[in-house]
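Chain and residue survey
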Amino acid sequence: GYTFNSAKGMRNNPFAGWVLQYDLNNKVSLGGELYIQSADRVAGEPYALFNLGGSYNLNQHFKVLGSVGYSLIGEDLLIAYLGLHWIS
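Below is a summary of the structure that appears in this document. (Residues numbered from 1 in each chain as written. Predicted model: local features only at pLDDT ≥ 70, side-chain atom pairs only at ≥ 80, totals over all residues. Heavy atoms only, no water.)

1. Some points on the side chain of Ser55
Basically, it comes down to this: For helices the rule is a DSSP run of H or I covering at least 4 residues; for strands it is a run of E covering at least 2, with both sets numbered from the N terminus onward. We call two residues contacting when some pair of their heavy atoms lies within 4.5 Å.
By secondary structure assignment, the location of Ser55 is in strand β4 (residues 47–57). In contact with Ser55, not counting residues within four places along its chain, are Lys27, Val28, Ser29, Lys63, Val64 and Leu65.

Structure, rendered in structure tokens:
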């Protein structure tokens, strides 16, 4: 993808990611992601992240999602995410 960012001190930048996911059963999925991005700030640097995460299907309409990851190269980043996905 590509981000268009015209804010002061920021820059446009390309990014890409690859995911490998495995469904353990009809409730639980686990996976890993490699994500790379060029610098998004004028004084920033490019980075690559590796995340591990998963999801749990609560019922036919709700799923809990989560992941945690750390930078492999570039900026020193720790990323975490927890969310609730509503399926209409």
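2. Quick word on the pattern of salt bridges
Where we set the bar: The salt bridge definition used is simple: a Lys or Arg side-chain nitrogen within 4 Å of an Asp or Glu carboxyl oxygen. Accessible area is worked out with a 1.4 Å probe on protein chains only. A residue is then buried under 20% of its type maximum, exposed over 50%, and partly exposed in between.
Per the counting criterion, the structure on display carries one salt bridge. In this structure, Arg41 engages Glu75 in a salt bridge whose closest nitrogen and oxygen atoms are separated by 3.2 Å. Taken as a pair, Arg41 in the loop between β3 (28–37) and β4 and Glu75 in the loop between β5 (62–73) and β6 (78–86) lie far apart in primary sequence, 34 residues in all. Residue class for Arg41 comes out partly exposed when judged on its relative accessible area of 34%. Residue Glu75 is classed as buried on the basis of its relative accessible area of 14%.

3. Details of the packing of aromatic side chains
Note the following rule: Classification of ring pairs rests on two measures: the distance between centres of Phe, Tyr or Trp rings, Trp counted by its six-membered ring, which must be within 6.5 Å, and the angle between planes, read as stacked under 30 degrees, edge-to-face over 60 and tilted in between.
This structure, assessed with the given rule, holds two aromatic pairs. Between the aromatic rings of Tyr2 and Phe4, the centroid separation amounts to 4.9 Å while the plane-to-plane angle is 65°, which identifies the pairing as edge-to-face. A residue is classified by how much of its surface remains accessible, and Tyr2, at 43% relative accessible area, is partly exposed. Classification of Phe4 as exposed rests on a relative accessible area of 69%.

4. What to know about the sheet that holds β3
Keep this limit in mind: DSSP bridges decide pairing: two strands pair if at least two such bridges lie between them.
Read from one edge to the other, the open sheet built from six strands follows the order β1-β2-β3-β4-β5-β6, with strand pairing classed as antiparallel. Two strands in the sheet have a free side with no partner beyond their single neighbour: β1 (2–3) and β6. One ladder, built from 10 bridges, connects β3 with β4; its direction is antiparallel. Following the sheet pairing, Gly31 is matched in β4 by Gly53.

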